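# An overview of the molecular structure
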Amino acid sequence: MTTQNPNHPCACGSYAFEVLIHENVGGDKVWQQKTTGCAATTQSTFAPGHDAKLKSLLIAAGVGGHQVRQTTRDTVIVKDALRVAADLGWEDLVREAIAKGAR
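So, here is what we can say about the structure in this document. Please read all numbers here as calculations on a predicted model, not as lab measurements.

Turning our eyes to something else, we now look at the sheet that holds strand S3 (residues 29-35). If you walk across this open sheet you meet the 4 strands as S3-S2-S5-S6, and the pairing is antiparallel. Strands at the two margins of the open sheet, each flanked by one partner only, are S3 and strand S6 (75-80). Across this sheet, the average inter-strand angle for adjacent strands is 35 degrees, counted without regard to direction. Each of strand S2 (15-23), S3 and strand S5 (67-72) touches helix H1 (residues 50-64); the most contacted strand, S2, lies at about 35 degrees to it. Across the sheet, helix H2 (residues 81-88) touches S2, S5 and S6, and the angle it forms with S6 is around 105 degrees.

We now examine the pattern of salt bridges. Per the counting criterion, the structure on display carries 4 salt bridges. Between Lys79 and Asp87 there is a salt bridge, with the nearest N and O atoms lying 2.2 Å from each other. What makes Lys79 buried here is its relative accessible area of 18%. You can call Asp87 exposed: its relative accessible area is 53%. A salt bridge links Glu91 to Arg95, with the shortest nitrogen-to-oxygen separation between them at 2.5 Å. With a gap of 4 residues between them, Glu91 and Arg95 both fall in helix H3 (residues 91-101), about one helical turn apart.

One can find Asp51 in helix H1. A residue is classified by how much of its surface remains accessible, and Asp51, at 30% relative accessible area, is partly exposed. Contacts of Asp51, omitting those with residues within four sequence positions, involve Phe46 and Trp90.

Looking now at the side chain of Lys79. Take Lys79: it is sitting in strand S6. At 2.2 Å, the side chain of Lys79 and the side chain of Asp87 are in polar contact. In this view, Lys79 contacts Gln67, Val68, Val84 and Asp87; residues no more than four positions away in its chain are not counted.

Glancing now at the packing of H1 against H2. Relative to each other, H1 and H2 sit at 150 degrees, their axes nearing to 8 Å. Between H1 and H2, the crossing angle belongs to the class labelled roughly antiparallel. Here Leu54, Leu58, Ala61 and Gly62 of H1 come into contact with H2, specifically with Ala81, Val84, Ala85 and Leu88. Counted by class, the contact of H1 with H2 contains 7 nonpolar, 1 polar and no charged residues.

The terminal C-alpha atoms of H1, which comprises 15 residues, lie 21 Å apart, in line with the 21 Å expected from a rise of 1.5 Å per residue. Those residues of H1 hidden inside the fold are in contact with S2, S3, S5, H2 and H3. In the stretch just after H1, Gly65 is the one whose phi turns positive, near 75 degrees.

Rules and cut-offs
Residues numbered from 1 in each chain as written. Predicted model: local features only at pLDDT ≥ 70, side-chain atom pairs only at ≥ 80, totals over all residues. Heavy atoms only, no water. Pairing = 2+ DSSP bridges. Helix = DSSP H or I, 4+ residues; strand = E, 2+ residues; numbered from the N terminus. Axes fitted to C-alpha atoms, helices over the stretch in contact; angles between N-to-C directions. Contact = heavy atoms within 4.5 Å. Salt bridge = Lys/Arg side-chain N within 4 Å of Asp/Glu carboxyl O. Buried < 20%, exposed > 50% of the residue type's maximum accessible area, 1.4 Å probe, protein only. Polar contact = N/O pair within 3.5 Å; in protein donor to acceptor, adjacent residues only side chain to side chain. Parallel < 35°, antiparallel > 145°, perpendicular 65-115°, else oblique. Nonpolar A, V, L, I, M, F, W, Y, C, P; charged D, E, K, R; others polar. Expected span 1.5 Å × (residues − 1).

What follows is the structure, given as structure tokens:
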């Protein structure tokens, strides 16, 4: 008898970056969080097509020069977009897209 792997959250939903929107009159910085918006579950690392969602998020972060946060339970790891892409095996693709987008 084989057992199926239980569903777990799609990996793309654990990545985010923030964009500075403005500073208010009190000097507080107001940020907007950018995510893939993913709440899917899957038996694999990514739900179908969600690797592309994450690549797009990494490219946007890289073009804007933003650090990317990966949150897993109570642990947060912060890296630049190319380091995250390299960890996932997408460095060349993301580097090329960032270069095109930064022009």
